[in-house]
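Here is what each chain is made of, one letter per residue.
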Amino acid sequence: MAIITRDIQEGRPFSGKPKKITEERVYAFSGGFPKGPGWPQKNIHTDVEFARRCGLSDRNASGSMFEGYVTELMVDLFGENWLRGGKMQLVFIRMVTIGDTVLPKAIVQSRREEHSGTRFVLEVSCENQHGDKVAVGTASGLVQ
Amino acid sequence: MAQRKTADQLGIGDEFEPYQFRVTPEFNHQYLEAVDDHHRRYLEETKLGAPIVHPALFLNYCSITKSPSFYLPPGIAAVVAKDEIEYLSPGRVGKSFRVSWKVVDTYTKRGRSYQVTEISVVDEDGIRIMRRRMNCTYMARRE
């Protein structure tokens, strides 16, 4: 069931669930499928040495994980129908490492009436446990 | 014999080799664990069909690094800087999906090179699942 209704006003904030970035979750996301010998696959997300060879200071969680968190928030706000036409745009501005906690957030930026419903545009972001933004952008969805 | 291009050498019009995969319940479950989202829409059948594939699975599996032709020399990594995503239809567990990639732009910003790739995910019935435009850069250790 959608949370955003046609009468929601600009400036209204929303938060998703805080997500702890654990080694197990990073491996599950970026380690490949199926699990077997050699799992998790070595890459900048799963292996410190691999990351350092590429000039990074540490392994980091994939930005697509945060996109998944924002997607979850949008599906919570707009309902499952957001997966039929929902849009988002994100810029990644800070690395997230294992042990961090990421919180997806959104605030209604604008709303306009369209033929098929009310189009909402939201500023979206993900913040770490220090309140620093790690990704920022916008998302839009239609409420019929 | 011509040497194959590394991923960072691909230019406008070049394509990565498409990738096809099937999403089993176990595969989907791994992503529910990864993003800690266990909503029943991803676990239970409905009148509309099989459970929905978690979108995070598609987000990861349409990364250019999943293409069979993706190759980088050791010590270089692809890093996503900016992403635009449009969800078109939910994917269903049990279906197979095909991801295709095409480089549509390249640019330099603050001395760093970027590659823009248009990505499409389509299921075995031809239903379009996701459209994505990914801005990627390549990181290497500075000597």
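Asker: Which residues make up the overall build of chain A, and what values go with them?
Answerer: Of regular secondary structure, chain A possesses three helices and six strands. Element order for chain A, N to C, with α for helix and β for strand: β-β-α-α-α-β-β-β-β. Principal-axis analysis of the C-alpha atoms places the extent of chain A at approximately 50 × 30 × 20 Å. When the 144 residues of chain A are sorted by exposure, 40% land in the buried category. Taking the contacts inside chain A whose residues are at least 6 apart along the sequence as the reference set, 60% of them involve residues at least 24 apart.

Asker: Could you give me a rundown of the overall build of chain B, with the residues and numbers involved?
Answerer: Of regular secondary structure, chain B possesses two helices and five strands. Each helix and strand of chain B, placed in order from N terminus to C terminus, yields the pattern β-α-α-β-β-β-β. Across its three principal directions, the C-alpha atoms of chain B cover 55 × 30 × 25 Å. Buried residues in chain B amount to 36% of all 143 residues.

Asker: Let's hear about the interface of chain A and chain B: which residues, and what values?
Answerer: Listed as interface residues are 32 residues of chain A and, on the opposing side, 32 residues of chain B. At the level of secondary structure, the elements contributing two or more residues to the side of chain A that touches chain B comprise α1 (23-30), α3 (63-78) and β3 (87-92) of chain A. Considering every element that reaches the side of chain A that touches chain B, the biggest residue donor is α3 of chain A, with eight residues. For the side of chain A that touches chain B, the per-class residue count stands at 14 nonpolar, 10 polar and eight charged. With five bridges connecting them, β3 of chain A and strand β2 (residues 76-87) of chain B associate as antiparallel partners. What sits directly across from V91 of chain A, in β2 of chain B, is K82 of chain B.

Asker: With reference to specific residues and values, describe the pairing of strand β5 (residues 128-140) of chain B.
Answerer: Residues and elements named next belong to chain B. Note that β2 and β5 share 11 bridges and pair antiparallel. Residue V79 lies in a different strand from β5, and its bridge partner there is T137. Pairing geometry for strand β4 (residues 112-123) and β5, over nine bridges, is antiparallel. Across the sheet, V121 pairs through a bridge with M130, a residue of β5. The hairpin turn running from β4 into β5, its antiparallel successor, is four residues long, and G126 in that turn takes a positive phi close to 85°.

Asker: For α3 of chain A, give the residues involved together with the corresponding values.
Answerer: Residues and elements named next belong to chain A. End to end, α3 covers 22 Å across 16 residues, agreeing with the expected 22 Å (1.5 Å per residue, within 8%). With 16 of 16 residues buried, α3 lies mostly within the body of the structure. Positive backbone phi, at 90°, marks G79, one or two positions downstream of α3.

Asker: Can you break down helix α1 (residues 25-35) of chain B residue by residue, with the values?
Answerer: The complete set of buried residues in α1 of chain B reads N28, Q30, Y31, A34 and V35 of chain B. Projected onto a plane normal to the axis of α1 of chain B, the buried residues spread over an arc of 150° and lie on a single side. The inward-facing, buried residues of α1 of chain B contact α1 and α3 of chain A together with α2 (55-61) of chain B. At the C-terminal side of α1 of chain B, D36 of chain B shows a positive phi close to 55°.

Asker: Quick one: what's the story with the pairing of strand β4 (residues 101-114) of chain A, residue by residue and with numbers?
Answerer: Remark: a regular strand shows side chains that alternate across the two faces of the sheet. Residue and element names in this part refer to chain A. Bridge count between strand β1 (residues 13-15) and β4: three bridges; the pairing is antiparallel. By the bridge assignment for β4, S15 is matched with K105. By the bridge criterion, two bridges tie strand β2 (residues 19-20) to β4 in an arrangement that is antiparallel. Bridge assignment links K19 to a residue of β4, and that residue is V102. Strand direction decides the pairing type here: β4 and strand β5 (residues 117-127), joined by 11 bridges, are antiparallel.

About the thresholds
Residues numbered from 1 in each chain as written. Chains lettered and ligands numbered in written order. Predicted model: local features only at pLDDT ≥ 70, side-chain atom pairs only at ≥ 80, totals over all residues. Helix = DSSP H or I, 4+ residues; strand = E, 2+ residues; numbered from the N terminus. Buried ≥ 20, exposed ≤ 12 C-beta atoms within 10 Å, placed from the backbone. Contact = placed C-beta atoms within 7 Å. Nonpolar A, V, L, I, M, F, W, Y, C, P; charged D, E, K, R; others polar. Pairing = 2+ DSSP bridges. Expected span 1.5 Å × (residues − 1). Arc of directions from axis to C-beta.

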